[in-house]
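Each chain is listed here by its residues.
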Amino acid sequence: MLKKIIYTLLAIGSMNYSMQAQEQRDLNKEIQVRTSYQPKINKASRIGELPVILDTTSFTPNFTYFVLTRPLSVAFTPAVIPAAKIVGEPLKPIYSSSLSLAGGNYSSLFGDYRFNNQRSKTTDIGFHLRHYSTNGKLKLENGNKEKPDWVEQLAEVYGSAYLEEGELSGRVFYQHLRYNYFGFPKSEDVGDIWQDLFPYEKQKQNIFGLSADFQSNLKDAEKPLFDIGLSFNHFADDIAVKENDLDIDAKAKIRHGDGFWSLLSKFEYFAIDGLNHWKGDEFIKERKTLKWSINPQYLLQTGRLNLKLGAHAVLAMGDDSKTKIYPDISIDVNAVDGILSLFAGIDGDLEMNKYKSIAKENSFIFSGLNVLPSNKKYRLYGGVKGSISSKASFSLTAEYAAIDQQYFFVKTDIYPPDAVFFLPTYSNKFGVLYDDISLLKLQAEANIEWTDRLKLNSKFTFYHYSLNQLADAWHKPQFELNVNGNYQFTKELNFKVGVNIIGERPVLYSGQNQALDAVYDFNVGANYLFNEHFTTFVVVNNLFADRYYRWEGYPSQGFNFLIGVKILF
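What this report covers is the structure whose coordinates are included nearby.

Calculation criteria
- Residues numbered from 1 in each chain as written.
- Predicted model: local features only at pLDDT ≥ 70, side-chain atom pairs only at ≥ 80, totals over all residues.
- Heavy atoms only, no water.
- Helix = DSSP H or I, 4+ residues; strand = E, 2+ residues; numbered from the N terminus.
- Buried < 20%, exposed > 50% of the residue type's maximum accessible area, 1.4 Å probe, protein only.
- Contact = heavy atoms within 4.5 Å.
- Areas by Shrake-Rupley, 256 points an atom, 1.4 Å probe, with all protein chains shown as cover.
- Patch = residues over 30% accessible without salt bridge, like charges linked within 9 Å, V, L, I, M, F, W, Y side chains within 5 Å.
- Salt bridge = Lys/Arg side-chain N within 4 Å of Asp/Glu carboxyl O.
- Core = buried A, V, L, I, M, F, W, Y, C linked by side-chain atoms within 4.5 Å.
- Phe/Tyr/Trp six-rings, centres within 6.5 Å; stacked < 30°, edge-to-face > 60°.
- Lys NZ or Arg CZ within 6 Å of the ring centre and 35° of its normal.
- Pairing = 2+ DSSP bridges.

Points about the overall build of the protein
Link 1 in the chain: When its secondary structure is counted, the protein shows 2 helices and 28 strands.
Link 2 in the chain: The buried share among the 569 residues of the protein stands at 33%.
Link 3 in the chain: A separation of at least 24 residues holds for 57% of the contacts in the protein among residues at least 6 apart in sequence.
Link 4 in the chain: Just so you have it, the protein exposes about 36,900 Å², and 59% of that area is on carbon and sulfur atoms.

Considering a nonpolar patch on the surface
Link 1 in the chain: Residues Leu 230, Leu 246, Ile 248, Phe 267, Tyr 269 and Trp 292 make up a contiguous nonpolar surface patch of roughly 490 Å² in combined accessible area.
Link 2 in the chain: Among the secondary structure elements, Leu 230 is positioned in strand S9 (residues 225–237).

Here's the deal with the nonpolar core
Link 1 in the chain: In this structure, Tyr 355, Phe 364, Ile 365, Leu 369 and Phe 409 are the most contacted members of the largest nonpolar core, which totals 40 residues.
Link 2 in the chain: At the level of secondary structure, the elements contributing two or more residues to this core comprise strand S7 (166–180), strand S11 (259–279), strand S13 (305–318), helix H2 (355–361) and strand S17 (392–410).
Link 3 in the chain: Ignoring sequence-local partners within four residues, the contact set of Phe 364 consists of Trp 150, Tyr 179, Asn 180, Tyr 181, Phe 182, Asn 428, Lys 429, Phe 430, Trp 551 and Tyr 554.
Link 4 in the chain: Ile 403, Phe 408, Tyr 463 and Ala 473 belong to the second-largest nonpolar core, a separate cluster that totals 12 residues.

Focus on the pattern of salt bridges
Link 1 in the chain: Within this structure, the stated rule accounts for 16 salt bridges.
Link 2 in the chain: Residue Asp 247 pairs with Lys 354 through a salt bridge whose shortest N-O separation is 3.8 Å. Of this pair, Asp 247 sits in strand S10 (residues 242–256) while Lys 354 is found in the loop between strand S15 (340–351) and H2, placing the two residues 107 residues apart along the sequence. Both residues of the pair, Asp 247 and Lys 354, belong to the buried class.
Link 3 in the chain: A cluster of three or more residues bridged by salt bridges with shared partners is formed by Asp 247, Glu 268, Lys 291, Asp 349 and Lys 354.

A look at the packing of aromatic side chains
Link 1 in the chain: For the structure shown, the criterion picks out 29 aromatic pairs.
Link 2 in the chain: Summarising the aromatic geometry, the rings of Phe 489 and Phe 495 are spaced 6.2 Å apart at their centres and angled 75° between planes, so their arrangement reads as edge-to-face.
Link 3 in the chain: Given a relative accessible area of 36%, Phe 495 falls into the partly exposed group.
Link 4 in the chain: Through a chain of ring-to-ring contacts, three or more aromatic side chains come together here, namely Trp 150, Tyr 179, Tyr 181, Phe 182, Tyr 200, Phe 364, Tyr 407, Phe 409, Phe 430, Trp 551 and Tyr 554.
Link 5 in the chain: Here the guanidinium or amino end of Lys 253 rests over the ring plane of Phe 260, the centre of that ring lying 4.9 Å away.
Link 6 in the chain: Above the ring of Trp 551, the side-chain terminus of Arg 550 is found at 4.6 Å from the ring centroid.

Section: the pairing of strand S24 (residues 519–529)
Link 1 in the chain: Where strand S21 (residues 493–502) lies against S24, 10 bridges are found, and the strand directions are antiparallel. Pairing of Val 499 across the sheet is with Phe 522, part of S24.
Link 2 in the chain: Relative to strand S25 (residues 534–541), S24 runs antiparallel, the two being bridged by 6 bridges. Directly across from Gly 525, in S25, lies its bridge partner Val 539.
Link 3 in the chain: Counted along the chain from S24 to the antiparallel partner S25, the turn is 4 residues long.

Structure (structure tokens):
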């Protein structure tokens, strides 16, 4: 029995061992899969998070309400905030009177007194007295020394009244000028064959004038604005000439849409007596002319464009009878806002060349010189102006003009050879010659504020004359340069400097073309403020003592200065 049990256990163990060995052999086998296995999940039927409910019934709510208008009481009362007070800066004191006194070499004396009323919202009244004289000897071309005896004096009363409708202003003045014809007379003047009609050496000029002007200032932009002016001048020299000038001008302007309609009109009447002028074989002693100018315009003003369309008609009656019509058109375009603008235009005018204006341009003309009108047929101009920065600005301008009967100052025979009287060919007095010309003018100007203390401004102008008959544009420079600087060294001390350069000017000397040397004039000055009442100043002209001539035969002063004081009270 026991053996059967043992044999049975052995048989079972042997079968178990055989099965484990077979399983071990199966795990070590390699299996090759011919297709890739792609598991799939069957789609499930899901319920959306926001189910849609279809309801076939609808109703509109209907209800009523009311507002109970009863104030709500609060437990506090806000404090009243007082208005802010702006403390204004105190007004700077102004003084009624200003007195300047100065003296220098060449026996120079200067005095200036001004009086104005104190601050007023209704009137501005004052008067002005001025004196300047210099009498130091100047060396001439022949080596002699002469005194110019130059004296300038002015007295004027002026005032303005500020009315509700506008401003009314007026001025009354007297001006006196005295000087010698100290210029070098050429040797050709000497001789018995010459008869000098103008042997005088001294000259005096006196001008009395008055003017009045009313300019409207209406608040309603749709109402017309207007300006009316009247002026009268009486001129007389110490020899024979007397001139009366009467001018009346009026302007009216009214808004129309974005623009303005404008009308300008001016009457100029002048009468000259004491002329020494030959016209053919006729001797002219008087000249009387009435010039009427009328200038209608349309002015269009927009944000970037300013346009003027107009015409200028001139009617001259009397001894200078002429009728002319000129264009008056201009355009200004703001190309870059606040930085760069372009401008161009065309105009013209008839210049009457009154004796008073000619004598002011050249004091050394002979008494009775008659200068004929100049016709500026047209003037074309254009350019650019702008700002490089808030402290620097510039402008560039080009002009081209055609002018008939333009005058040029010369020392020459002004009478025809067959005249009964004639003037020496060369003397120390000037006449004029005429020519029809074209003029090209180029100009550049710059203003720079380097710092709060240093400011500079400069202007350069170039001229080119094309003439029909004359050999040169007598006494006209080819270029001019002006540079001025101001430096505030301290609160009390201020320096000024100026440079004036004028190019060579052609002249007719002994029948030959020559040239006056270029002018180099350097000026410096300084002011020192002791207090609000007292200031001292010094001005030095022609610092390097350059010997130059403004007019042929008339040398300028060399190194000269003025030292003075200015008092406010």
